[in-house]
Amino acid sequence: METISFKVQEIERSSFHPIIQGQINGEEVLLILDTGASRTVIDKSITSGMPIIANEHNEPFAAGINAQKISVEQIELPAITLGDIEFNNLKVFSSDLRPISKLYEELSGIKIHGLLGCDFLVEYKVVVNFKTGMIQLNRNPNWVKSVQEP
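Residues numbered from 1 in each chain as written. Predicted model: local features only at pLDDT ≥ 70, side-chain atom pairs only at ≥ 80, totals over all residues. Heavy atoms only, no water.

Enquirer: What am I meant to see in the packing of aromatic side chains here?
Expert: For any pair of aromatic rings, the description rests on two quantities: the centre-to-centre distance and the angle between the ring planes. Counted under the stated rule, the structure contains four aromatic pairs. Where Phe6 meets Phe130, the ring centres are 5.3 Å apart and the plane angle is 80°; that geometry is what we call edge-to-face. Of this pair, Phe6 sits in the loop between β1 (2-5) and β2 (7-12) while Phe130 sits in the loop between β11 (127-129) and β12 (134-137); the two residues are 124 residues apart in sequence, bridging distant segments of the chain. On the numbers, 5.1 Å between centres and 70° between planes, the contact of Phe87 with Tyr124 is edge-to-face. Within this pair, whereas Phe87 is found in strand β9 (residues 85-95), its partner Tyr124 is found in the loop between α3 (118-123) and β11, the two being separated by 37 residues in sequence. Among the aromatic side chains, those forming a connected cluster through ring pairs are Phe87, Phe120 and Tyr124. The residue whose ring lies beneath Arg39 is Phe93, and the NZ or CZ to ring-centre distance is 4.3 Å. (Phe/Tyr/Trp six-rings, centres within 6.5 Å; stacked < 30°, edge-to-face > 60°. Helix = DSSP H or I, 4+ residues; strand = E, 2+ residues; numbered from the N terminus. Lys NZ or Arg CZ within 6 Å of the ring centre and 35° of its normal.)

As structure tokens, then:
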């Protein structure tokens with residue numbers, strides 16, 4: 001069983017988000033663990049140059065809680081590391097998240113690079129434990145590879 005740690009970031013008084021630290025293309029990223037997001041979305045500044053793949057769901061946009069549409073492209077991340085675990089070939093959406101990240105930084109003091117959405121949580125049968133600050137992945141261990149393995 002694999003686990004990944006997260007920290008709880010207070011945004012405003014009594015308003016919180018779980019944040020997972022990771023790495024994409026050698027760049028450190030902070031992702032909000034967002035159970036309300038149907039798909040994982042990574043900022044275009046991180047995914048720049050990655051090939052766009054056909055969107056299997058024919059969704060040329062995503063919508064937030066305020067129903068504002070944002071343009072997205074589907075890409076396949078060659079690799080993303082979350083905690084000590086490397087995930088390969090994840091299909092995610094890419095979008096310009098600068099306005100959201102700027103607002104988030106104003107509220108919390110940290111810059112976010114994306115949302116780890118329900119697609120990931122369901123795929124890896126994630127259990128979120130706020131008491132321990134860990135998410136537990138319940139998937140065949142052959143599907144994930146520890147970064148520390150040779």
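Next comes the rest of the account.
Enquirer: Is there a simple way to think about the nonpolar core in this case?
Expert: When a protein is soluble and globular, its nonpolar side chains tend to lie buried together. Core analysis: the biggest nonpolar cluster contains 25 residues, and Leu82, Phe87 and Phe120 have the highest contact counts within it. Elements with a contribution of two residues or more to this core: β3 (15-24), β4 (27-33), β8 (73-82), β9, α3 and β12. Excluding anything up to four places from it in sequence, Leu82 contacts Ile4, Ile20, Gln21, Gly22, Leu31, Phe87, Leu116 and Phe120. Of all hydrophobic cores here, the second largest spans six residues; its members include Ile32, Tyr104, Ile110 and Ile112. (Core = buried A, V, L, I, M, F, W, Y, C linked by side-chain atoms within 4.5 Å. Buried < 20%, exposed > 50% of the residue type's maximum accessible area, 1.4 Å probe, protein only. Contact = heavy atoms within 4.5 Å.)

Enquirer: Which parts of the structure should I look at to understand the confidence of the model for the protein chain?
Expert: Low pLDDT means the predicted coordinates in that region are not meant to be read closely. On average, residues of the protein chain carry a pLDDT of 85, and 81% of them reach 70 or more. Considering only residues more than four positions removed or in separate chains, one finds that residues 63-67, a stretch of pLDDT under 50, has one contact. (pLDDT = per-residue confidence, 0-100.)

Enquirer: Sorry if this is basic, but what is going on with the sheet that holds β1 here?
Expert: Either a parallel or an antiparallel arrangement is found when strands of a sheet pair, and the pairing is made through backbone hydrogen bonds. Read across the sheet, three strands follow the order β1-β12-β11 without closing on themselves; strand pairing throughout is antiparallel. On the outer flanks of this sheet lie β1 and β11, each paired with one strand and no other. Strand-to-strand twist in this sheet, taken as the mean axis angle between neighbours without regard to direction, amounts to 25°. When β11 meets β12, the two strands line up antiparallel, connected through three bridges. Of the residues in β12, the one forming a bridge with Val127 is Gln136. (Pairing = 2+ DSSP bridges. Axes fitted to C-alpha atoms, helices over the stretch in contact; angles between N-to-C directions.)

Enquirer: I would appreciate a short explanation of unusual backbone geometry in the present structure.
Expert: Backbone phi values are negative for most residues with the exception of glycine, while trans is the configuration of most peptide bonds. Positioned with a positive phi, Asn89 is a non-glycine residue whose angle comes to about 55°. The exposure class assigned to Asn89 is partly exposed, which follows from its relative accessible area of 45%. The backbone of Lys125 shows a phi angle near 45°, a positive value even though the residue is not glycine. Position of Lys125 relative to the elements: it lies in the loop between α3 and β11.

Enquirer: What is the right way to read the environment of Met1 from this model?
Expert: Relative to the elements of secondary structure, Met1 occurs in the segment before β1. The spacing of Met1 and Gln136 is 135 residues in sequence and 7.1 Å in space, taken between C-alpha atoms. Setting aside residues up to four positions removed in sequence, Met1 forms contacts with Gln136, Leu137 and Asn138.

Enquirer: I keep staring at the pattern of salt bridges and nothing clicks. Help me out?
Expert: Opposite charge on two side chains allows them to pair when their charged atoms are near. Applying the stated rule across the entire model yields three salt bridges. Residue Arg39 pairs with Asp119 through a salt bridge whose shortest N-O separation is 3.4 Å. Note that Arg39 is positioned in the loop between β4 and β5 (41-43) and Asp119 in helix α3, a separation of 80 residues in sequence. Taking the relative accessible area as the measure of exposure, Arg39 reaches 12% and is therefore buried. Residue Asp119 is classed as partly exposed on the basis of its relative accessible area of 23%. (Salt bridge = Lys/Arg side-chain N within 4 Å of Asp/Glu carboxyl O.)

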